[in-house]
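Summary of the model geometry
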Amino acid sequence: MRIPFNKVYAANKEEQYVLEALRSGAHCGNHSFCNRVIDLIKNKYQDLGEIYLTPSCTAALEMGAVLADISPGDEVILPSYTFSSTVNAVILFGAKPVFCEVDPETMNIDPNRIEELITEKTKMILPIDYAGLSCEIDKIMDIANRHNLIVMQDCAQSFGSTYKGKSCGSQAHLAAYSFHETKNYNAGEGGGLVVNVKEWEERAYFLQEKGTDRRLVLNGVKNKYSWVDKGSSYLLSDILAAVLLAQLESEDEIRAKRSKLTEAYFKLFDQYVKRGKVRVFQPTADHELNHHAFWAVFDSVENKNHFMLTLKEKGISAYIGYLPLHSSPMGMKLGYRPEDLPLTEELGDLILRMPFYTDLAESGLEQCMAEMEKVLTEMYPN
Ligand SMILES: Cc1ncc(COP(=O)(O)O)c(C=O)c1O
């Protein structure tokens, strides 16, 4: 049996809901299925602020950057170990990305390295939650509050995770989720922006709706909407929201299945971690996982490649992590050099992500573990 890196999961009611959405006569954003998704999220995660469903996490990050008035001359501190969307939300608005090193235990931004990067131009800190494991958002908020900075948390991978009992996305001023097909709960493409600053909520509605006050028409306050601000189309179609609703209604079941994968991978790697051959991510007592992904950092690039390629021959797809942004072609064009962030550079070469998808819990997990065990035993004999 072939084991891909990722596979889309269908819960139960996607087809039914999509049909309902198609027949409803309203397919655009902020209609019935969008409202149902938002209500469901708000009921389940009551510490979140206002939620705006967007076409992607990429769009949510951009909308957040507009809301925070990220402008030319501003600097934004973010990890280099992230996806291009995180940094695009900075450079699209003319600001300068300032890359920060990671904490090797989590692969998230190292809060102890942030303050040395702050200048009078710094406007925002933009951390991510790699593999669904929250960054140390409390420490980051403390730094931001002391320096009067905005924090936007890229929670693309961490919808449903918590840190110190609080939902990922509830602590920063702004947070962005992804509901892309590679995520735990998927709409094909989709995302959400959380706005935790009350005074920004109304403006966020205007930005989302092409800079108009259509929201006031939907709420019956006005009968014709006008252009009131800058903005774009940051709306998720109701048809895709129908898919997302079906997924989120199965959140507990999906999470339970995925938790079996986390458990199996911890068990598999345990002895190799103890023997110092590999490191795997380490949730602390403060972290509750959404079981998005599992990574391992090998003791050499050769061993990482050997593990990956041997499994590939057996039809099992483990996959490399992010290619650090600072040493990517675009990062180099911006003036960064690989040696600027040596730790990120080194870890980016050694890290590997394991196959991780909901259906794997039902079919293929034992085979996957057995094949991986064989390769590990051969690589690291006792
Ligand atoms: C950290 C991070 N941010 C943003 C994104 C982009 O998400 P989307 O595909 O929903 O735009 C991803 C995609 O995986 C990601 O890993």
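Keep in mind the model is a prediction, meaning the values are calculated, not measured.

1. Considerations on the domain arrangement of the protein
According to the domain assignment, the protein contains domain 1 (14-249) and domain 2 (251-379). Taken over C-alpha atoms, the centre of domain 1 sits 26 Å from the centre of domain 2. Contact residues are listed per partner, giving 40 residues for domain 1 and 35 residues for domain 2. Overall, the association of domain 1 and domain 2 removes approximately 3400 Å² of surface from exposure, summing both partners, and the carbon and sulfur fraction of that is 56%. Counting across the domain 1 and domain 2 interface gives two salt bridges. Where Asp252 meets Lys44, a salt bridge forms, and the shortest distance between an N and an O atom there is 2.6 Å. In this assembly, domain 1 and domain 2 are joined by 24 residue pairs in polar contact (both at pLDDT 80 or more). Broken down by secondary-structure element, the contributors of at least two residues to the side of domain 1 that touches domain 2 are α4 (84-91), β3 (96-100), β6 (162-163) and α8 (238-249). Ranked by residue count, the leading element in the side of domain 1 that touches domain 2 is β3, at four residues.

2. A word on the UniProt feature "modified residue: N6-(pyridoxal phosphate)lysine" (unreviewed entry) in the protein
The UniProt feature table records "modified residue: N6-(pyridoxal phosphate)lysine" (unreviewed entry) at Lys183. Note on placement: Lys183 falls in the loop between β8 (174-178) and β9 (191-195). Looking at Lys183, the relative accessible area reads 17%, which means it is buried. In this structure, Lys183 is in contact with Ala156, Gln157, Ser178 and His292, ignoring residues within four places of it in sequence.

How each quantity is defined
- Residues numbered from 1 in each chain as written.
- Predicted model: local features only at pLDDT ≥ 70, side-chain atom pairs only at ≥ 80, totals over all residues.
- Heavy atoms only, no water.
- Domains from an automatic or database assignment.
- Contact = heavy atoms within 4.5 Å.
- Buried area = accessible area lost by both parts, 1.4 Å probe.
- Salt bridge = Lys/Arg side-chain N within 4 Å of Asp/Glu carboxyl O.
- Polar contact = N/O pair within 3.5 Å; in protein donor to acceptor, adjacent residues only side chain to side chain.
- Helix = DSSP H or I, 4+ residues; strand = E, 2+ residues; numbered from the N terminus.
- UniProt positions renumbered as here; feature names shortened; annotations may be inferred.
- Buried < 20%, exposed > 50% of the residue type's maximum accessible area, 1.4 Å probe, protein only.

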